[in-house]
Each structure stands twice: as C-alpha cells, then as structure tokens.
Amino acid sequence: MKIKDLCINCMREMKNSGVVCEFCGFDAGAFEVPQHHMKPFTILAGKYLVGKAIGEGGFGITYIGMDLELEVRVAIKEYYPQGFAARDSRTNDGTVRSYSENTREFFESGREKFVNEARTVAKFRGLPEIVSVIEFFRENQTAYIVMEYLDGQTLKQYLKANGGKIPTDEILRMMRPLILSLGKIHREGLIHRDISPDNIMLMKNGSIKILDFGGAREFASQDGRSMSVLVKHGYAPEEQYRSRGDQGPWTDVYALCATMYRCITGEIPPNALDRLYQDELKPISSFGENCPKYIEKAITKGLNVRKDGRYQSMEELY
C-alpha cells in the first residue's frame, strides 16, 4: 500500500494519485482543509494516518483514518472543544492548545474526562449497538480515540434521503436494541448526553450503532456560559441547560424520545427551555401519522419537560 495513493475521503488506494478518486468521486485538488482541522496525511501514534474530517461536534472532530500496520480503515476522534481550543493547520504544528488562559482549566479537565469516558466505553466492545473503541492516547497536547470505522449513513442522512420521516414500526424496530444497550451503559454510570439523529448510524446490514460516546460531556454542566455551544436544541432536556441540572438516564430518555418524535413527525420538538415557559409540543397524532396511541403516550411521557415526569430508565421506556 502506497500512502501517497490513498484517497483522504474514503482511504482506498487509488490507481492514479492526485486525481479524482475512482471509488468515491472525491476531488482532493478542490478540497480546502478548514484551519482548525488536522492536515490530511498526518500520522498519529506512529501508525494512524489521518484523512478528511467526517464529523464535528461540540467536543471533538472525527476523521477517517488508516491503521498503517493492519491496513484497515478506522475513525479517529480528536478532543477539540469548540470555543475552548485553538490550532492553526497552516503550520506544521498540529498541537491543540487552550484558546486562552481563562479556558485552560476547562480544556484540561475536559481532556481527562474525554480519555476516561473512552476507557469506560471500551469495556462495552461486546455490545453491537455501541461503536468499538480500539485505542486511545494523548498526543499534540490533546487526546485521541481510535474507533472502528462504520460503513453506513447517519439517521439524519437517512431521513434526508427518505422524505424526512420514518414509519413508526420501522423506527421502533431500529430503536429497540439501542434502548437495551443504552440501559446497560447507564448501569455502569455513563450517560451519552448527546443522542440525536446525527449520532445514530444505520449500517448497510440493517443494524444500528450509536456514535460519539467519546465526547466528554460530563463537564459541560460546570460552566453555564458554554451550554449553548454544547447542547442540541430540541433534543437536549432542560437540565442540560443548567449549570447544576440533575442529569441521569432520564436525560438520554428525553433525547431518544425526541429523536423518535422527529423521525415519526418530521419535526424537531421545541427547545426545552421554551417548553418550560410555554409548552407547545404538538401531539404526534396531530401530524396524521400512523402511530398507535400507546406508542404516542410513551414517547410523550419520555419528552416530559420535568425529569420527574419522564421514564427514569431505558428499561422503563422499553
């Protein structure tokens, strides 16, 4: 395998390097690397080749990569909290630094939680609905998690390609195994805190995986100023907006029910803070979708604005 012939978008070896990839159609010549991203062809830990970014969230950037020893594709997530980190990719220095002296403590404590959460998720390699963690390490003054590369599409992409909605029976079939796996994760004291259609992957074989457990969202609640950056409006319950909000399995219950509501109705639920003031959540039945009343009732209970009014665990929701 010749590294220079790899396509940075799909990590397949092209016959003619420097031209449009014959596998995925990516034109490297027309691609401009965002300033805060790592440069493609960077090598981490002496063996992981970095390609193009395939995802970006409040806490990190995920790249497609290649394990040069095993010659298999991987996904590499870099700890890079938006608004709290800085890097200039136009230099050869890939180092990530705290954005300012004022954010240093936040940046460094988040980095440790990022690594600790990866360590916890790695224990769940046997759960088919959880993305497998292969390795994690510190480099460039930040941290990286190497995960299995998933060949599929996000639920968000699937919705876009299928008219923006999914029939109730189909979304229930997708979510049942995920609900059970999340229950097992919760029993170990780990909460996802960022469930939404862009963090759920549909595989080509029909199975489902939840992404982004590597994000250190646990420390988000310590800084109320940063909450608007770190939550997904419509999917995050009200306790995630508060610096001392009581978060637990019920937090993921809300987000998962918001995701199901979005898939069935085609609409994202109103912002949880707006709902505290005036709850304008439309009943699923008002959309004219074929959704059994008991399913609507369960999803609506999971979307209760107050945590005490929701199911308290994934087992209850199931």
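Novice: If you had to explain the sheet that holds strand β3 (residues 60-67) to someone new, which residues and values would you point to?
Specialist: Pairing is antiparallel in the open sheet, where six strands are placed in the order β1-β2-β3-β4-β8-β7. For this open sheet the edge positions go to β1 (43-44) and β7 (133-139), each flanked by a neighbour on one side alone.

Novice: So, the packing of helix α3 (residues 168-187) against helix α5 (residues 249-265): which residues are in play, and what are the values?
Specialist: Where α3 contacts α5, the axes come no closer than 11 Å and their chain directions differ by 170°. Here α5 runs roughly antiparallel to α3, going by the angle between their axes. Every pair of crossing elements has a handedness; the one defined by α3 and α5 is right-handed. In this structure, α3 uses Thr168, Ile171, Leu172, Met175, Leu178, Ile179, Leu182 and His186 to contact α5, whose residues at the interface are Pro249, Asp252, Leu256, Thr259, Met260, Cys263 and Ile264.

Novice: Summarise the sheet that holds strand β10 (residues 200-203); cite the residues concerned and give the values.
Specialist: Sheet strands pair by backbone hydrogen bonding; their relative direction is either parallel or antiparallel. Overall, antiparallel pairing links the three strands, which are arranged β9-β10-β11 in an open sheet. Both outer strands of the open sheet, β9 (152-154) and β11 (208-210), are each paired with one neighbouring strand and no more. Each neighbouring strand pair of the sheet contributes to a mean axis angle of 25°, computed without reference to strand direction. Bridging between β9 and β10 involves three bridges; their strand directions are antiparallel. Residue Gly152 lies in a different strand from β10, and its bridge partner there is Met203.

Novice: How would you explain the pairing of strand β8 (residues 142-148) if you had to name every residue and give the values?
Specialist: Within β8, six of the seven residues are buried, which leaves it mostly tucked inside the rest of the structure. With five bridges joining them, strand β4 (residues 72-79) and β8 adopt antiparallel strand pairing. Following the sheet pairing, Val74 is matched in β8 by Glu148. Relative to β8, β7 runs antiparallel, the two sharing six bridges. If you follow Glu139 over to β8, its bridge partner there is Thr142.

Novice: Lay out the pairing of β4 in plain terms, naming residues and giving numbers.
Specialist: Most of β4 is tucked away, with six of its eight residues classed as buried. Where β3 lies against β4, eight bridges are found, and the strand directions are antiparallel. Residue pairing in the sheet places Asp67 in a bridge with Val72 of β4.

Novice: Tell me about the nonpolar core, and name the residues and values.
Specialist: Counting residues in hydrophobic clusters, the biggest one holds 79 residues, and the most contacted among them are Leu155, Met175, Leu256 and Ile299. If you tally residues by element for this core, the top one is α5, at 10 residues. Among all residues touching Ile299, those that are not within four sequence positions of it are Cys257, Met260, Tyr261, Ile264 and Ile284. Residues Ile8, Cys10, Met14 and Phe26 belong to the second largest nonpolar core, which totals six residues.

Novice: I'd like a rundown of α5, residues and numbers included.
Specialist: With 17 residues, α5 extends 24 Å from end C-alpha to end C-alpha; this agrees with the ideal 24 Å at 1.5 Å per step. Of all 17 residues making up α5, 16 are buried, and the element is well covered by its neighbours.

Rules used throughout
- Residues numbered from 1 in each chain as written.
- Predicted model: local features only at pLDDT ≥ 70, side-chain atom pairs only at ≥ 80, totals over all residues.
- Heavy atoms only, no water.
- Pairing = 2+ DSSP bridges.
- Helix = DSSP H or I, 4+ residues; strand = E, 2+ residues; numbered from the N terminus.
- Axes fitted to C-alpha atoms, helices over the stretch in contact; angles between N-to-C directions.
- Parallel < 35°, antiparallel > 145°, perpendicular 65-115°, else oblique.
- Left-handed = near helix turned anticlockwise from the far one by under 90°.
- Contact = heavy atoms within 4.5 Å.
- Buried < 20%, exposed > 50% of the residue type's maximum accessible area, 1.4 Å probe, protein only.
- Core = buried A, V, L, I, M, F, W, Y, C linked by side-chain atoms within 4.5 Å.
- Expected span 1.5 Å × (residues − 1).

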